[in-house]
Amino acid sequence: MLAYGFRENGGPEQQAFLDVPVPEPGRDELLVRVRAAGVNPGDWRLREGAYGIAGPAVLGREVAGTVVALGPGVTGFAAGDEVFGGCPGMVGGWAEQALVTASFCAHRPDAVAPEAAAALPVAAGTAHDALRQLGLAPGATLLVNGAGGGVGIAVVQLARRAGLEVIGVAGPRKHDLVRRFGGTPVAYGEGVVDRVRAAAPGGVDAAFDLAGGDALRTIAEVVDDRSRLLSVADRPLVAELGGAGVDRDRSTAVLAEVVGLVETGALDPHVTRVHPLAEAADALAEVESRHAEGKVVLAVVA
Ligand SMILES: NC(=O)c1ccc[n+]([C@@H]2O[C@H](COP(=O)([O-])OP(=O)(O)OC[C@H]3O[C@@H](n4cnc5c(N)ncnc54)[C@H](OP(=O)(O)O)[C@@H]3O)[C@@H](O)[C@H]2O)c1
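Criteria and cut-off values
Residues numbered from 1 in each chain as written. Predicted model: local features only at pLDDT ≥ 70, side-chain atom pairs only at ≥ 80, totals over all residues. Heavy atoms only, no water. Helix = DSSP H or I, 4+ residues; strand = E, 2+ residues; numbered from the N terminus. Rg over C-alpha atoms; globule rule 2.2 N^0.38 Å. Buried < 20%, exposed > 50% of the residue type's maximum accessible area, 1.4 Å probe, protein only. Areas by Shrake-Rupley, 256 points an atom, 1.4 Å probe, with all protein chains shown as cover. Lys, Arg positive; Asp, Glu negative; His and termini not counted. Charge placed at Lys NZ, Arg CZ, Asp CG, Glu CD. Core = buried A, V, L, I, M, F, W, Y, C linked by side-chain atoms within 4.5 Å. Domains from an automatic or database assignment. Contact = heavy atoms within 4.5 Å. Near = heavy atom within 4 Å. Polar contact = N/O pair within 3.5 Å; in protein donor to acceptor, adjacent residues only side chain to side chain. Nonpolar A, V, L, I, M, F, W, Y, C, P; charged D, E, K, R; others polar. Pairing = 2+ DSSP bridges. Axes fitted to C-alpha atoms, helices over the stretch in contact; angles between N-to-C directions.

Draft legend 1. Representation of the overall build of the protein within the structure. Looking only at helices and strands, one finds 10 helices and 15 strands in the protein. For 302 residues, the compact-globule formula gives about 19 Å, and the C-alpha radius of gyration of the protein, at 19 Å, lands near that figure. Expressed as lengths along the three principal axes of its C-alpha atoms, the size of the protein is roughly 55 × 40 × 30 Å. Split into buried and exposed, the 302 residues of the protein put 56% on the buried side. Of the roughly 12100 Å² of accessible surface on the protein, 50% is carried by carbon and sulfur atoms. With 26 positive and 37 negative side-chain charges, the protein shows a spacing of 3 Å between the two charge centroids.

Right under this line is the structure:
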């Protein structure tokens, strides 16, 4: 079958269409005919070798599709079901058929398009888990560093829904977007700490970083209680600064909760670009620019 991935670890020049066998579902796995697949920064990090997976390998960590077969002992799903979820080992999704982890898979309601559902496990799932970990009370102020990206726009919406005040640090191009979802936009770069303090005169109770590096180091200055500083973009640095990564809850329950919010209009996954699989390179380049807006998705089989 047709798939897209990389030949060996390295830059975009290693990306290629691959002809690979249809995988066999094992325990806790489903085989799905892929309708849509999410594109994430983790895909180019995987290609570069950050997760220790050498090529050739198929990219793609989340998909929506139709169940074709169930692994031994899998219950709760049947052939023909429309589902979405995360791929085992966070690989293999950009293909005509892919494995999905049954315990990190949920049914897709008719009202939620495959492209929207495929964008949920990584971004909305991470946003959900970060907010649960922070456990902020309504009225608290959360700073989101990188508020206009895939995870950022989900966390802004879920935080507002939980009654939080949200300072959304983003490039000027995304300020209207942050505002539309109820956050107060602040531009990053020189002077950002002063701008955050002006936007949140009562202080910032917690920060969730999606940018890493110097941007994280700078933003950490506004968080007095470092147990309330989280980052999924730079785990070594956030640990050095006294904060933490996000403990992911890769479960069906979380996916069912977030897709329910999408179904009722309470959460917009904000899919801004849908590319056919033939344009996987363009899709990944957009995300690798680190300035994509919302979510980029591949449409695989109609
Ligand atoms: N471990 C996990 O479970 C997990 C899960 C999901 C994501 N992640 C990681 O989390 C990060 C974000 O993921 P994503 O999908 O949201 O990526 P994304 O869609 O590419 O968004 C990244 C955002 O960072 C912003 N940004 C760039 N430079 C910045 C700076 N100096 N200060 C503040 N913001 C800046 C960009 O905004 P502008 O366009 O406005 O510049 C962009 O919106 C990635 O590193 C990803 O690998 C980890």
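On we go from here.
Draft legend 2. Examining the nonpolar core more closely. By size, the foremost hydrophobic cluster in this structure holds 47 residues, and its most contacted members are Phe84, Leu120, Leu142, Phe208 and Leu267. Elements with a contribution of two residues or more to this core: helix H2 (114-118), helix H3 (120-134), strand S9 (141-145), helix H4 (150-161), helix H5 (175-180), strand S12 (206-209) and helix H9 (252-263). If you count residues domain by domain, this core takes at least three from each of domain 1 (2-119 + 269-299) and domain 2 (123-245). In this view, leucine 120 contacts Glu62, Phe84, Gly125, Val258, Val259, Val262, Leu267 and Pro269; residues no more than four positions away in its chain are not counted. Counting residues in each nonpolar core, the second largest holds 31 residues, with Phe6, Trp44, Ala280 and Leu298 among its members.

Draft legend 3. Seen up close, the site of the ligand. The environment of the ligand is made up of 25 residues, and the closest members are Arg45, Gly171, Lys174, Tyr188 and His291. For the ligand, an oxygen atom lies 2.8 Å from a polar atom in the backbone of glycine 150. Within the contact set of the ligand, an oxygen atom lies 2.9 Å away from a backbone nitrogen or oxygen of valine 151. With the chains in place, 86% of the 920 Å² that the ligand exposes on its own is no longer accessible. The set of elements that each furnish at least two residues to the shell around the ligand consists of helix H1 (41-48), H3 and H4. Within the shell around the ligand, the residues separate by chemical class into 11 nonpolar, 8 polar and 6 charged. Residues from two domains meet in the shell around the ligand; each of domain 1 (2-119 + 269-299) and domain 2 (123-245) gives at least three.

Draft legend 4. How the structure looks around the sheet that holds S12. With respect to topology, 5 strands assemble into an open sheet ordered S11-S10-S9-S12-S13, the strand pairing being parallel. The sheet terminates laterally at strand S11 (184-186) and strand S13 (229-231), the two strands that pair on one side only. Taken pair by pair, the neighbouring strands of this sheet meet at an average axis angle of 20°, ignoring direction. Contacting S9, strand S10 (165-169) and S11, helix H6 (residues 192-199) crosses the sheet at an angle of about 160° to S11.

Draft legend 5. Structural detail: the environment of aspartate 234. Here aspartate 234 shows up in the loop between S13 and helix H8 (235-240). Along the sequence, aspartate 234 and proline 41 sit 193 residues apart, while their C-alpha atoms lie 12 Å from each other. Beyond its immediate sequence surroundings of up to four residues, aspartate 234 is in contact with Gly212, Gly213 and Leu216. Only 2.8 Å separates the side chain of aspartate 234 from the backbone nitrogen of glycine 213, close enough to count as a polar contact.

Draft legend 6. Main features of the environment of leucine 229. Within the secondary structure, leucine 229 sits in strand S13. A relative accessible area of 0% means that leucine 229 is categorised as buried. Residues leucine 229 and aspartate 176, spaced 53 residues apart in sequence, show a C-alpha to C-alpha distance of 25 Å. When sequence neighbours within four positions are dropped, the list of residues in contact with leucine 229 reads Ala207, Leu216, Ala220, Val223, Val238, Leu241, Gly243 and Ala244.

Draft legend 7. Helix H10 (residues 280-288), seen in detail. Along H10, the residues classified as buried are Ala280, Ala283, Leu284, Glu286, Val287 and Glu288. The elements touched by buried residues of H10 are strand S1 (2-6), strand S2 (15-19), strand S3 (29-39), H1, strand S14 (271-276) and strand S15 (295-299). Directly beyond the C-terminal end of H10, a positive phi value near 65° is found at arginine 290.

Draft legend 8. Main features of the pairing of strand S7 (residues 97-101). The element S7 is largely enclosed, with a buried count of 4 among its 5 residues. One ladder, built from 5 bridges, connects S3 with S7; its direction is antiparallel. Bridge pairing links leucine 30 to valine 100 in S7.

Draft legend 9. Here's a closer look at the sheet that holds S2. The strand order S2-S1-S4 describes an open sheet built from 3 strands, whose pairing is antiparallel. Of all strands in the sheet, those with a lone pairing partner are S2 and strand S4 (57-58), marking the two edges.

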